[in-house]
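What follows is each chain in one-letter form.
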Amino acid sequence: MNPGRNRMQNKNSRQKNGPKESMEVCCRVRPVPSQNTELCLKVEPPSTVILAPPPSYINLRNAPTKEMHYTFKKVFQEQISQKEVFESVALPLIENLLNAKNSLLFTYGVTGSGKTHTMIGSGKDGGIMPRCIDTIFNSIGMYKTNKYVFKPDKLNGFDIQSESEAIIEMQQEIICQTPAKIKNPKLERNNSDQDLFKRIPTETKITNIDIDNAYAVFVTFVEIYNNSVYDLLEECPDDGFRQRGPQVKIIREDADHNMFVHGVNEVEVSSADEAFEAFYKGQKRRRIAHTTLNAESSRAHTIFTIRVVQAPVDQQGQSIVQDKKYLQIGQLSLVDLAGSERTNRTKNTGQRLREAGNINNSLMTLRNCLELLRENQKGANKMIPYRDSRLTHLFKTYFEGEGQVCMIVCVNPQGDDYDENLQVMKFAEISQEVQIAFPPTTPRVNHGFTPGRRRANNALKKFEIEYDKENQEIPPSGNGLHKKPVEIFADIPSLRYVSMDDDLSVKKAKEFLENQLQLYNSVTGNIRERYHDFREMILKTERTAFTASQEIESIKSLYEREKERNSDLESRVKNSDSQMCSLKRKIDEYELNVKRLKRELSEKDMHIHKTKINTEKVKEQYNSKIAQTQEKLKTEIERRLRSQKSAMEFEARSRDRKLREAKRVLSDEALRSIPSTPSAAMERSKYTVSTPSVRPPSPNFRSTGRKLVNARRARRSRSLETWLEHRPPAPLPLATILQPVLTKRKSVSKLTDAKDMVSGGVDKYCLVTQGQDSDGDLEARIYKGDVLPTTGGGVQVKFSDVEILKQKSPSSSPTRRNHNLANNAQNGCSVAIEGHGFRR
Ligand SMILES: Nc1ncnc2c1ncn2[C@@H]1O[C@H](COP(=O)(O)OP(=O)(O)OP(=O)(O)O)[C@@H](O)[C@H]1O
């Protein structure tokens, strides 16, 4: 099974299910150049920043007017020193690094907001990076390995070399160096950077590191410029004509699926000064430029990576165990991002504009990635576009849970930066919600060596040196060993060898030597024993001291964690308190509103009730009025009906009277013209005109008030009545005895216009027809009627009489004639003509 693949699967499952913590985001506010600067931001200690539009914005249309509150893990105000920022943010990351854990720290903000100042600072007032270097070397001081014991394998890993191989490599390097440099090793340094010599080293130190390990420090320095990666520590060869530019590097994935810059120069540094040498070398190659908003604006994202490699020492606490499986590597990436910038403010053109575009694009990709990470944590399953930018591609592993991620948001509180700061704060808000899985706690491989062995060995070495130096007495043991060796081993007695057979002297000498040998053996045996006891004692003490110090450290870290948690809780409680206060205020406001609305509601209810009662009253009044009016109308109608009825009865009576009169006149005229004989009486009866039927008056006529007017007309004298005579166009002259009496007349042959009837005060109408009857006699019929006004504004003719005048022909039959005469008169009287005038 491929262990790398397995680890990747673990990584994914860890990101989904494992314990997570939010990305740590702090905010640093830089000082403003002058007191009169218009501000858009203020700090509410300990952890809140309030962003409000400056007065010049508020006057603009569509400008936001709301104050925005942003809470961070920590907020560093203007007066906070570089040291405090370092200790608060970066020191825990160095502890991670020395314990073989990975961390990423980046500064983010608008151009000129103080990112480079925070990350690098100046010689006298160093930023996070120089302080990190100092702290690392202060901590690993005497536990460093010789150079070249650990060697980068160019695939993001390390190999281990023996001490002798390392020494050979070191010698080779010295040989390869230029003679001038060997002669004057400080020459190169003098040419590097004056800042290096002005710098004030940091005293900070991490104490809880594994002292049974040997450490080595490696650094790389790269920049991402226009979305390409360049190695700032790469020596650009000079081929005699011109110096070659830096080569673009590619990002690759190692066997453990960690991203790294392939082919980058990873320089081993054995002291802080060497590390600064490397840093300043790269720093000179960084792309910075003068812009409107910053005299030294970073045009690229720079990444300074420190890797600390460690391996255990053997049981004697002297040499490193030559086994790669015991190797542990920690990495700290310090990223100084280029600042986001708006072209309308920077007024950049050409190359600067292109750089700004690339910077903004990569920052946008970073923002997108974090946004999608946050969405995925809420249940979405979206692809994160790490590869859209080199920046996110390189740090992909961190976001997937291979280390702690911290960000310092730098802000310039000046009013001009308001818009950009708003965007930066939004980004910071998103970032704080991103949960990053805890990095895996790789269990230390159990090598079985005694802890504290290195210190024991050092103590023994020290003791031996001191012993040798001072030639001190060995502590007394009761068997005379408190004496100096010269005293223990007494001088050889002077034996005079007299002759060849002086056996006595030989024997004495032999005895003496044997005694001395015995004494020597017992002394050395004793010393060995004591040495062993002493060593055991030291080891035991070291072990106890080591366990005690480990316990102390764990208690200390527990205490620190608790302290941090406490302060976190305190700030949370404070936040909740302020939230509760604002909620309470809101509730009070709502309650007041509810009360006011209730009062208004009850007032409105009362008003509605009153209106209802009034309406009821008005309704009652109207009902009674309507009843009264109806009653009145009824009586009026009845009264009018009665009067109309009496008028009609009067009219009918007058018509009857007229008819009777006409009848009488006719019969008188006829009788006068017929001789008074019996046959003449017969004839008279024949000439009697039948009475036309009198029809009841029309309801229209009855209903109008004009009826009375007409009734009055009916009573007018006949001599005053005006007749409209409607006769044939060429009438034959009538030679009858009786002639129609039409005193005031107007004759028309054609009646086409109703105006003839309506205007001119016509009271009576007569229609004259002439023709031959069935007996061949000339017959003239005169239909008479009253002109009555109608309700529609017109007139109607109510025929009331017909006169038939005949000029007898000698050959006609009288019986038939009489019969026709009576019928025609009857029919004619029942015809009415109606004419309408124009409405006014
Ligand atoms: N906290 C601070 N105290 C004092 N001076 C500061 C502080 N922060 C920034 N400055 C000063 O402001 C100027 C601009 O800062 P810096 O170069 O760090 O900005 P930056 O954010 O890195 O800009 P860019 O993105 O353009 O590189 C520098 O002269 C720096 O010394």
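Residues numbered from 1 in each chain as written. Predicted model: local features only at pLDDT ≥ 70, side-chain atom pairs only at ≥ 80, totals over all residues. Heavy atoms only, no water.

You'll find the protein chain entered in an unreviewed UniProt entry as Kinesin-like protein, with Nezara viridula given as the organism. As its UniProt record puts it under Sequence similarities (unreviewed entry), the protein chain is described as follows: "Belongs to the TRAFAC class myosin-kinesin ATPase superfamily. Kinesin family." Listed in UniProt under the heading Subcellular location (unreviewed entry), the comment for the protein chain reads: "Cytoplasm, Cytoskeleton". (UniProt positions renumbered as here; feature names shortened; annotations may be inferred.)

Caption draft 1: Highlighting the overall build of the protein chain. For the protein chain, the count of helices and strands is 23 helices and 26 strands. Across the 840 residues in the protein chain, those meeting the buried criterion constitute 40%. Considering only intrachain contacts with a sequence separation of at least 6, the fraction spanning at least 24 residues in the protein chain is 72%. Accessible surface computed for the protein chain: about 49100 Å², of which carbon and sulfur atoms make up 53%. (Helix = DSSP H or I, 4+ residues; strand = E, 2+ residues; numbered from the N terminus. Buried < 20%, exposed > 50% of the residue type's maximum accessible area, 1.4 Å probe, protein only. Contact = heavy atoms within 4.5 Å. Areas by Shrake-Rupley, 256 points an atom, 1.4 Å probe, with all protein chains shown as cover.)

Caption draft 2: Spotlight on the sheet that holds strand 4 (residues 48–51). If you trace the three strands from one edge of the open sheet to the other, you get 3-4-5, paired in antiparallel fashion. Of all the strands in the sheet, just strand 3 (41–44) and strand 5 (68–71) have a single pairing partner and so form its edges. Direction aside, neighbouring strands of the sheet carry axes that sit 25° apart on average. Bridge analysis of strand 3 against strand 4 gives four bridges, and the strand direction is antiparallel. Residue pairing for strand 4: Leu41 is matched across the bridge by Leu51. (Pairing = 2+ DSSP bridges. Axes fitted to C-alpha atoms, helices over the stretch in contact; angles between N-to-C directions.)

Caption draft 3: Layout of the side chain of Arg781. Mapping Arg781 onto the fold places it in strand 24 (residues 778–789). By relative accessible area, which is 5% here, Arg781 ends up buried. Among the polar contacts made by the side chain of Arg781, one reaches the side chain of Glu779 at a distance of 2.7 Å. (Polar contact = N/O pair within 3.5 Å; in protein donor to acceptor, adjacent residues only side chain to side chain.)

Caption draft 4: Local environment of the UniProt feature "binding site: ATP" (unreviewed entry) in the protein chain. According to UniProt, the feature "binding site: ATP" (unreviewed entry) maps to Gly109, Val110, Thr111, Gly112, Ser113, Gly114, Lys115 and Thr116 in the numbering used here. Mapping Gly109 onto the fold places it in strand 7 (residues 103–109). Classification of Gly109 as buried rests on a relative accessible area of 2%. Setting aside anything within four residues of it in sequence, one finds Gly109 in contact with Lys115, Gly339, Ser340, Cys410 and Val424. Its location among the elements puts Gly112 in the loop between strand 7 and helix 4 (115–119).

Caption draft 5: Spatial organisation of the confidence of the model for the protein chain. Of all residues in the protein chain, 75% have pLDDT values of 70 or greater, and the mean over the chain is 78. Every residue in residues 182–192 is under pLDDT 50, and counting partners more than four places away or in other chains gives 13 contacts. Here residues 815–840 is modelled with pLDDT under 50, and outside its nearest four sequence neighbours on either side it reaches 63 contacts, counting other chains as well. Interface scoring of the predicted complex returns ipTM 0.97; its pTM is 0.58. (pLDDT = per-residue confidence, 0-100.)

Caption draft 6: Molecular detail of the packing of aromatic side chains. Summed over all chains, the structure comprises 10 aromatic pairs. Aromatic pair Tyr765 and Phe799: ring centres 5.9 Å apart, planes at 65°, arrangement edge-to-face. Of this pair, Tyr765 sits in strand 23 (residues 764–772) while Phe799 sits in strand 25 (residues 795–807), placing them 34 residues apart in sequence. When sorted by exposure, Tyr765 lands in the same class as Phe799, which is buried. Ring geometry for Tyr783 versus Phe799: centroids 6.4 Å apart, planes at 80°, classification edge-to-face. Placement of Tyr783 in strand 24 and of Phe799 in strand 25 is noted, with a sequence separation of 16 residues between them. Comparing Tyr783 with Phe799 shows no difference in burial state: the two are buried. (Phe/Tyr/Trp six-rings, centres within 6.5 Å; stacked < 30°, edge-to-face > 60°.)

Caption draft 7: The pattern of salt bridges, seen in detail. Tallied over the full model, the rule gives 27 salt bridges. As a salt-bridge pair, Glu274 and Lys147 come within 3.1 Å of each other at their nearest N and O atoms. With Glu274 in helix 10 (residues 272–285) and Lys147 in the loop between helix 5 (128–140) and strand 8 (150–152), the pair connects residues that are 127 residues apart, well separated along the chain. Overall, Lys147 belongs to the buried group, its relative accessible area being 17%. Ionic pairing is found between Glu562 and Arg565, a salt bridge with its closest N-O pair at 3.9 Å. Here the residue Glu562 and the residue Arg565 both occupy positions in helix 18 (residues 503–673), the gap between them amounting to three residues, near one helical turn. Salt bridges sharing partners connect three or more residues here, namely Glu24, Lys73 and Glu564. (Salt bridge = Lys/Arg side-chain N within 4 Å of Asp/Glu carboxyl O.)

Caption draft 8: The arrangement of the side chain of Glu725 in detail. With respect to the helices, strands and loops of the structure, Glu725 is situated in strand 21 (residues 722–726). Discounting chain neighbours no more than four positions away, the residues touching Glu725 are Leu742, Arg745, Lys746, Ser747, Val748, Cys766 and Val768.

Caption draft 9: Looking closely at unusual backbone geometry. A cis amide bond, omega 5°, links Pro45 with the succeeding residue Pro46. In this structure, Pro46 sits in the loop between strand 3 and strand 4. For Lys154, which is not glycine, the phi dihedral falls at a positive 70°. Position of Lys154 relative to the elements: it lies in the loop between strand 8 and strand 9 (158–160). Backbone geometry places Asn226, a non-glycine residue, at a positive phi of 50°.

Caption draft 10: Region of the structure containing the packing of helix 3 (residues 82–98) against helix 5. Two elements in contact, helix 3 and helix 5, have axes separated by 9 Å at closest approach and are oriented at 50°. The orientation of helix 3 with respect to helix 5, classified from their angle, is oblique. Like other packed secondary-structure pairs, helix 3 and helix 5 cross with a definite hand, here right-handed. Contact residues: Gln82, Lys83, Val85, Phe86, Ala90, Leu91, Ile94, Leu97 and Leu98 in helix 3; Ile128, Arg131, Cys132, Thr135, Ile136, Ser139 and Ile140 in helix 5. Here the contact of helix 3 with helix 5 is built from residues that sort into 11 nonpolar, three polar and two charged. (Parallel < 35°, antiparallel > 145°, perpendicular 65-115°, else oblique. Left-handed = near helix turned anticlockwise from the far one by under 90°. Nonpolar A, V, L, I, M, F, W, Y, C, P; charged D, E, K, R; others polar.)

Caption draft 11: Region of interest: a nonpolar patch on the surface. Among the surface-exposed residues, Val618, Tyr622 and Ile626 lie close enough to one another that they form a single nonpolar patch of about 290 Å² accessible area. Its place among the elements puts Tyr622 in helix 18. (Patch = residues over 30% accessible without salt bridge, like charges linked within 9 Å, V, L, I, M, F, W, Y side chains within 5 Å.)

Caption draft 12: Structural view of the environment of Met23. If you trace the backbone, Met23 turns up in the loop between strand 1 (20–22) and strand 2 (24–29). Among residues more than four places away in sequence, those in contact with Met23 are Phe106, Leu370, Val405, Met407, Ser431, Gln432, Val434 and Ile436.

Caption draft 13: The nonpolar core, seen in detail. Ranked by size, the top nonpolar core spans 55 residues in total, and within it Phe72, Phe106, Phe395, Phe399, Met407 and Met425 carry the most contacts. Contacts of Met407, omitting those with residues within four sequence positions, involve Met23, Glu24, Val25, Cys26, Leu105, Phe106, Tyr108, Phe427, Ala428 and Ser431. Listed in part, the 46 residues of the second largest apolar core include Val89, Leu91, Phe221 and Val269. (Core = buried A, V, L, I, M, F, W, Y, C linked by side-chain atoms within 4.5 Å.)

Caption draft 14: Quick peek at helix 10. Between its first and last C-alpha atoms helix 10 spans 20 Å; for 14 residues at 1.5 Å apiece the expected length is 20 Å, and the two agree. All buried positions along helix 10 are accounted for by Ala272, Ala275, Phe276, Glu277, Ala278, Phe279, Tyr280 and Gly282. (Expected span 1.5 Å × (residues − 1).)

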